[in-house]
Amino acid sequence: MKVMLVNGSPHEHGCTDAALREVASALNADGIDTEIFWIGNTPIGGCIACGGCSKAGKCVFGGSVNDFAEKAKDADGFVFGSPVYYAHPSGRIQSVLDRAFYAGSYAFAGKPGASVVSARRGGTAASFDVINKYFGITGMPVVSSTYWNMVYGKTPDEVRRDEEGMQTMRNLARNMAYMLKCFEAGKKAGIEAPAMERTHQ
């Protein structure tokens, strides 16, 4: 089993990465493989609702969005991480998620998802809520922790010193691992995932 952790920060090894690596380490300790996918720091345009993906089967603008969507097919669970900008996730991760979920929701449906946000001080709850909306519209079970999945600090070292935040990341990982193992056990027992009605879209 494998979890893909998506770093939505323009800084590859910044505060968001520090939080995601804590999650990844705890997942690995529980026998779950992980991959951290950094979306990069080049400009990423948002979805323009052109509908081209319905014919092409992928976003017609290509780039890192399609790279991510292709990798997502093989993942069993996801953790999306973002810094907080003006009490909101980064525009970069929202552009990626808008386009990837619209063009390839099949790669995410039914798979557990979690969001992680990083801030110096404020705006975490609003940012956390925005990312969680993607799970609710795609049939993804939401993985929780013992607090909302957020860390505080202006630098990666400060984030790593956020003891409650790091504990929250580890507990998130344990819940993700548990959920994935329960799903796997269910499949082996012949329990199928529910079929979704799609008549009103």
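Criteria and thresholds
Residues numbered from 1 in each chain as written. Predicted model: local features only at pLDDT ≥ 70, side-chain atom pairs only at ≥ 80, totals over all residues. Heavy atoms only, no water. Axes fitted to C-alpha atoms, helices over the stretch in contact; angles between N-to-C directions. Helix = DSSP H or I, 4+ residues; strand = E, 2+ residues; numbered from the N terminus. Parallel < 35°, antiparallel > 145°, perpendicular 65-115°, else oblique. Left-handed = near helix turned anticlockwise from the far one by under 90°. Contact = heavy atoms within 4.5 Å. Nonpolar A, V, L, I, M, F, W, Y, C, P; charged D, E, K, R; others polar. Buried < 20%, exposed > 50% of the residue type's maximum accessible area, 1.4 Å probe, protein only. Core = buried A, V, L, I, M, F, W, Y, C linked by side-chain atoms within 4.5 Å.

*Asks:* Let's hear about the packing of helix α1 (residues 15–29) against helix α7 (residues 163–188): which residues, and what values?
*Replies:* Two packed helices can be described by the angle between their axes and the distance between those axes. With their axes 8 Å apart at the nearest point, α1 and α7 run at an angle of 45° to one another. When the interaxial angle is binned, α1 and α7 end up oblique. Read as a crossing pair, α1 and α7 show a hand that is right-handed. Seen from α1, the contacting residues are A18, A19, E22, V23, A26 and L27; seen from α7, they are M166, M169, R170, L172, A173, M176 and A177. When grouped by side-chain class, the residues that make up the contact of α1 with α7 number 11 nonpolar, no polar and two charged.

*Asks:* So, the side chain of Q94: which residues are in play, and what are the values?
*Replies:* Looking at where Q94 falls in the secondary structure, it is placed in helix α4 (residues 91–104). With a relative accessible area of 18%, Q94 lands in the buried category. With residues near it in sequence (within four places) discarded, Q94 still touches H88, P89, V130 and Y134.

*Asks:* Just give me the short version of the nonpolar core, but keep the residues and values in it.
*Replies:* Nonpolar side chains in soluble globular proteins tend to end up buried together. One finds F68, F78, F80, L97 and F108 to be the most contacted residues of the largest nonpolar core, which totals 30 residues. At the level of elements, β1 (2–7), α3 (64–72), β3 (77–83), α4, β4 (113–119) and α5 (124–136) are the ones that each hand at least two residues to this core. Top element by residues in this core is α4. It accounts for six residues. Setting aside residues up to four positions removed in sequence, L97 forms contacts with F68, F80, Y102, I131 and Y134. By size, the runner-up hydrophobic cluster in this structure holds 25 residues, among which are L5, A26, A114 and M176.

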